[in-house]
Amino acid sequence: MRHRRGIDITAGNPMDPATLTGVNVYVNSRQHSVAFQDIPEWYELGARCFRCKHAGYLDRWELARRYGRARMIITLEPKLRCTRCGNREANDFVLAKVGRD
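Model, not experiment: these values are computed from the prediction. (Residues numbered from 1 in each chain as written. Predicted model: local features only at pLDDT ≥ 70, side-chain atom pairs only at ≥ 80, totals over all residues. Heavy atoms only, no water.)

A separate point is the overall build of the protein. Tallying secondary structure elements over the protein gives 1 helix and 4 strands in all. Going residue by residue from the N terminus, the α and β elements of the protein occur as β-β-β-α-β. Burial statistics for the protein: of 101 residues in total, 32% are counted as buried. Across the protein, every contact between residues at least 6 apart in sequence was considered, and the portion connecting residues at least 24 apart equals 70%. (Helix = DSSP H or I, 4+ residues; strand = E, 2+ residues; numbered from the N terminus. Buried < 20%, exposed > 50% of the residue type's maximum accessible area, 1.4 Å probe, protein only. Contact = heavy atoms within 4.5 Å.)

Applying the stated criterion to the full structure yields 1 salt bridge. Arg 65 is paired through a salt bridge with Glu 62; the nearest N and O atoms lie 3.4 Å apart. Linking Arg 65 with Glu 62, this pair stays in helix H1 (residues 60-67), spanning 3 residues, or about one helical turn. (Salt bridge = Lys/Arg side-chain N within 4 Å of Asp/Glu carboxyl O.)

What follows deals with the pairing of strand E2 (residues 43-48). Counting buried positions along E2 gives 5 out of 6 residues, so the element sits mostly inside the fold. Relative to strand E4 (residues 92-97), E2 runs antiparallel, the two sharing 6 bridges. Residue pairing for E4: Tyr 43 is matched across the bridge by Lys 97. Taken together, the 3 bridges between E2 and strand E3 (residues 55-57) define a ladder with antiparallel strand orientation. Its bridge partner being in E3, Ala 47 is matched across the sheet by Gly 56. If you look at the hairpin formed by E2 and E3, you'll find 6 residues sitting between the two strands, and Lys 53 has a positive phi there, around 65°. (Pairing = 2+ DSSP bridges.)

Structural data, given as structure tokens:
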């Protein structure tokens, strides 16, 4: 049971490429100064494939524990691999604001 003012992050797929416009901030390789500690708590960290445009959420808290809270997320882009097509080139991170009721 969900609280009436709670956040429902399971409804739909907000990381669907068709719905990514206007609600997120792309962190591209030319403008990167965001670390895990700089991302507000109301944002979800995701990754998007350059080739097939598949997008999915990542566990930002686990990544921060593993690589350090002060690490720039752009430095982890070479480690991204698409789970759909296996692409490892030119994938990027996406920050999406968690929806509210």
